[in-house]
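Okay, here's what each chain looks like letter by letter:
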Amino acid sequence: MIRGISNYGVSSKYEIESNITKEYYETLLTRKISNKIIKTRIVVPIQNKLKVEIDIYYDCLQGFLTAEVEFPSEEEANQFEKPDWLGEEIGYQELSNRKLAHMDEKQFKSKVSQEILNQNKRIIEKLNQLIKNSY
Amino acid sequence: MNKEIERKYAVKYLPKDLKVEKVEEIEQAYLYEDVNTNIRIRKIQIKEAIHYIYTVKTKGDTRN
C-alpha cells in the first residue's frame with residue numbers, strides 16, 4: 001500500500017478541531033487562499049459500524065461526487081472490502097481535497113471524464129430525492 | 001488530537017436500501033497549506049443548526 005505523500009489509498013492525518021464563532025469564521029474567510037467549496041454531505045451507514053460520507057459538489061466542481069469512508073484504525077482501512085456500489089478509489093493526488101479547492105471549472109473538467117459526470121448526474125438526482133424524503 | 005484515517009471512492013450506483021442518517025450542508029476554504037500541514041475553516045449546517053469549525057491537519061507517519 002502506497003501512502004503518505006502520494007495520498008493514494010489510505011490517507012492518514014492528525015487533526016485538531018475547534019469551534020469558532022460566526023464572526024471569526026467570516027473574518028477568516030476573507031483570508032482564504034483557496035476557492036470556497038460548497039457541498040452537500042450525506043452520511044449513510046454500511047457494514048462493521050462504518051459510515052460513508054457521500055459528497056455532492058457545486059459551483060466549479062459541479063457534477064463531482066465522492067464517497068469517503070473513515071476508519072478507526074489503519075489496519076481496518078487496509079483490510080476494507082468496499083461495497084459493490086462504491087467505484088474506483090479516487091483519493092490520489094490529482095483529485096485530493098486540497099487540489100480540488102484550487103481548480104477552476106476548466107481544470108476540473110480536464111481531470112474528470114464527461115462519462116463520469118453524466119453517470120454522477122443520474123446518481124445526484126436520486127440522492128436529492130433521498131434528501132427530500134429524509135426531511 | 002484525532003487521527004483521521006480514510007479512503008475515498010467514486011460512486012458507481014446507489015443501493016436500493018440506502019439509509020440516510022444525516023445531511024450536512026458544508027462550505028469550506030483553506031487558510032494555509034504546505035506539504036505537511038493545512039488549515040481549513042468550515043461552516044456546517046445540519047437542519048437548523050449551524051456550526052463553524054477551525055481545523056488544523058498534519059500528515060501522519062509517512063515512513064511506511
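Residues numbered from 1 in each chain as written. Chains lettered and ligands numbered in written order. Predicted model: local features only at pLDDT ≥ 70, side-chain atom pairs only at ≥ 80, totals over all residues. Heavy atoms only, no water.

Some points on the nonpolar core
One finds Ile42, Val52, Ile54, Leu65, Val69, Trp85 and Leu127 of chain A to be the most contacted residues of the largest nonpolar core, which totals 27 residues. Those elements that place two or more of their residues in this core are strand E2 (37–45), strand E3 (51–57), strand E4 (65–71) and helix H5 (114–134) of chain A together with strand E1 (2–11) of chain B. When near neighbours in sequence (up to four residues on either side) are disregarded, Ile54 of chain A contacts Thr40, Arg41, Ile42, Val44, Leu65, Thr66, Ala67, Trp85 and Leu127 of chain A together with Leu18 of chain B. In this structure, Phe64, Leu100, Met103 and Leu117 of chain A belong to the second largest nonpolar core, which totals 13 residues. (Core = buried A, V, L, I, M, F, W, Y, C linked by side-chain atoms within 4.5 Å. Buried < 20%, exposed > 50% of the residue type's maximum accessible area, 1.4 Å probe, protein only. Helix = DSSP H or I, 4+ residues; strand = E, 2+ residues; numbered from the N terminus. Contact = heavy atoms within 4.5 Å.)

Considerations on the environment of Phe71 of chain A
Among the structural elements, Phe71 of chain A can be located in strand E4. For Phe71 of chain A and Lys51 of chain A, which are 20 residues apart along the polypeptide, the C-alpha to C-alpha distance reads 8.6 Å. Ignoring anything within four residues of it in the chain, the contact list for Phe71 of chain A reads Leu50, Glu76, Ala77 and Phe80 of chain A together with Ile5, Glu6 and Arg7 of chain B.

Details of helix H1 (residues 22–29) of chain A
Turning to H1 of chain A, its buried residues are Tyr25, Leu28 and Leu29 of chain A. Angular distribution of buried residues about the axis of H1 of chain A spans 105°; they occupy a single face of the element. Of the residues in H1 of chain A, the exposed ones pointing more than 90 degrees away from the buried face are Glu23 and Thr27 of chain A. Elements in contact with the buried residues of H1 of chain A: strand E2 (22–33), strand E3 (37–46) and strand E4 (49–59) of chain B. (Arc of directions from axis to C-beta.)

Section: the interface of chain B and chain A
With 51 residues of chain B in contact, the opposing surface of chain A contributes 76 residues. Interface area, chain B with chain A, both sides summed: about 6700 Å², of which 55% is carbon and sulfur. On the chain B side of the contact with chain A, Arg7, Lys8 and Tyr9 of chain B bury the most area, a combined 14% of that side's loss. Applying the counting rule to chain B against chain A returns 7 salt bridges. Two residues, Asp84 of chain A and Lys12 of chain B, come together in a salt bridge whose shortest N-O distance is 3.3 Å. (Buried area = accessible area lost by both parts, 1.4 Å probe. Salt bridge = Lys/Arg side-chain N within 4 Å of Asp/Glu carboxyl O.)

Details of the confidence of the model for chain A
All names here are of chain A. A residue-level look at chain A finds 92% of positions with pLDDT of 70 or above and a mean pLDDT of 89. Put simply, helix H3 (residues 97–100) is where chain A has its lowest mean pLDDT, 84, and H1 is where it has its highest, 98. Predicted confidence is poor over residues 1–7, with pLDDT under 50, and the contacts of this stretch with residues over four places away or in other chains come to 21 contacts. (pLDDT = per-residue confidence, 0-100.)

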